[in-house]
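Given next are the chains, with one letter for each unit.
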Amino acid sequence: MLRDRVAFWSVLAEDEGRSCELIGADRPAPLPLPGAELAAAVDALLGNIFRHTAEGTGFAVTLHQGQGVTGILVADGGPGIADPDAALQRGRSGGGSTGLGLDIARRAAESTGGYLRIHRSVLGGAQIQMWFRTRWLPPARRSRRLVRRRPSTH
């Protein structure tokens, strides 16, 4: 699905003179999320690049797989996001949009027990990180074994 969405957006990227790169998606990375929801989240993030950066601004999508988590990182070479906390509030945007794109992506990640973060990208602009939990990890268990105390000899 990720390869398909990036391929879809790469056509527009080529028309606008944007470099477009997909990294790390050479093997399957199953996620506990309906494909339509993941596609909507990826489309929201990639659409934001086209809405909030100038033509010619490149971007990269990177897939990371780890122990019980998978991350999709979307980075661009645009101006970045001045106030990441405000950008994550539903319906708020400093870029003249509705602000719902980031909310769609955040909800997708959180539906799996994951999260969304905004950072500065190595390309100079924004990097949106969607982290999805791919495996349920039980909380650390405390031993319920009773410890018998020896009587004091004092």
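Residues numbered from 1 in each chain as written. Predicted model: local features only at pLDDT ≥ 70, side-chain atom pairs only at ≥ 80, totals over all residues. Heavy atoms only, no water.

Caption draft 1: Spatial organisation of the pairing of strand E2 (residues 59-65). Burial runs high along E2: five of the seven residues are buried. Taken together, the four bridges between strand E1 (residues 20-23) and E2 define a ladder with parallel strand orientation. Within E2, the position partnered with Glu21 by the bridge is Ala60. For the crossover from E1 across helix H2 (residues 35-52) to E2, the handedness is left-handed. Here E2 pairs with strand E3 (residues 69-76) via seven bridges, running antiparallel. Counted as the bridge partner of Phe59 is Asp76 from E3. Where E2 folds back on E3, the antiparallel hairpin that results is connected by three residues, among which Gly68 adopts a positive phi of roughly 80°. (Buried < 20%, exposed > 50% of the residue type's maximum accessible area, 1.4 Å probe, protein only. Helix = DSSP H or I, 4+ residues; strand = E, 2+ residues; numbered from the N terminus. Pairing = 2+ DSSP bridges. Right-handed = clockwise from strand over helix to strand, strands pointing away.)

Caption draft 2: Quick look at H2. Taking 1.5 Å of rise per residue, 18 residues should cover 26 Å, and H2 covers 26 Å from first to last C-alpha, within 8% of that figure. Taken as a whole, H2 has its buried residues at Leu38, Ala39, Ala41, Val42, Ala44, Leu45, Leu46, Gly47, Asn48, Ile49 and Phe50. Among the structural elements, helix H1 (2-15), E2, E3, helix H4 (100-110) and strand E5 (126-133) are those in contact with the buried residues of H2. (Expected span 1.5 Å × (residues − 1). Contact = heavy atoms within 4.5 Å.)

Caption draft 3: Spotlight on the packing of aromatic side chains. For the structure on display, the rule yields three aromatic pairs. With 5.6 Å between their ring centres and 85° between their planes, Phe8 and Trp9 make a pair best called edge-to-face. Classification of Trp9 by relative accessible area gives buried; the value is 13%. Between Phe50 and Phe59, the ring centres sit 5.7 Å apart and the planes meet at 70°, which makes this aromatic pair edge-to-face. (Phe/Tyr/Trp six-rings, centres within 6.5 Å; stacked < 30°, edge-to-face > 60°.)

Caption draft 4: Looking closely at the packing of H2 against H4. The contact between H2 and H4 brings their axes to 8 Å, and the two run at 145°. In the crossing of H2 with H4, the sense of the turn from one axis to the other is left-handed. Where H2 approaches H4, its residues Glu37, Ala40, Ala41, Ala44, Leu45 and Asn48 are matched on the opposing element by Gly101, Leu102, Ile104, Ala105 and Ala108. Each residue belonging to the contact of H2 with H4 can be placed in one class, and the counts come to eight nonpolar, two polar and one charged. (Axes fitted to C-alpha atoms, helices over the stretch in contact; angles between N-to-C directions. Left-handed = near helix turned anticlockwise from the far one by under 90°. Nonpolar A, V, L, I, M, F, W, Y, C, P; charged D, E, K, R; others polar.)

Caption draft 5: The arrangement of the side chain of Arg18 in detail. One can find Arg18 in the loop between H1 and E1. Arg18 gets classed as buried once you look at its relative accessible area, which sits at 5%. A polar contact of 3.4 Å, which involves the side chain of Arg18, links it to the backbone oxygen of Ala54. Among the polar contacts listed, one links the side chain of Arg18 to the backbone oxygen of Thr57, at a separation of 3.1 Å. In this structure, Arg18 is in contact with Ala13, Ile49, Phe50, Thr53, Ala54, Glu55, Gly56, Thr57, Gly58 and Phe59, ignoring residues within four places of it in sequence. (Polar contact = N/O pair within 3.5 Å; in protein donor to acceptor, adjacent residues only side chain to side chain.)

Caption draft 6: Inspection of the pattern of salt bridges at higher detail. All chains considered together, the criterion is met by five salt bridges. Residue Glu16 is joined to Arg18 by a salt bridge in which the shortest nitrogen-to-oxygen separation is 2.8 Å. For the pair Glu16 and Arg18, a shared accessibility class is recorded, and that class is buried. Salt-bridge contacts for Glu110 lead to Arg106; the nearest nitrogen and oxygen are separated by 2.7 Å. With a gap of four residues between them, Glu110 and Arg106 both fall in helix H4, about one helical turn apart. According to the relative accessible area criterion, Glu110 is partly exposed, its value standing at 40%. In the salt-bridge network here, residues are joined through shared partners; they are Asp103, Arg106, Arg107 and Glu110. (Salt bridge = Lys/Arg side-chain N within 4 Å of Asp/Glu carboxyl O.)

What is shown is where atoms sit, not what they do.
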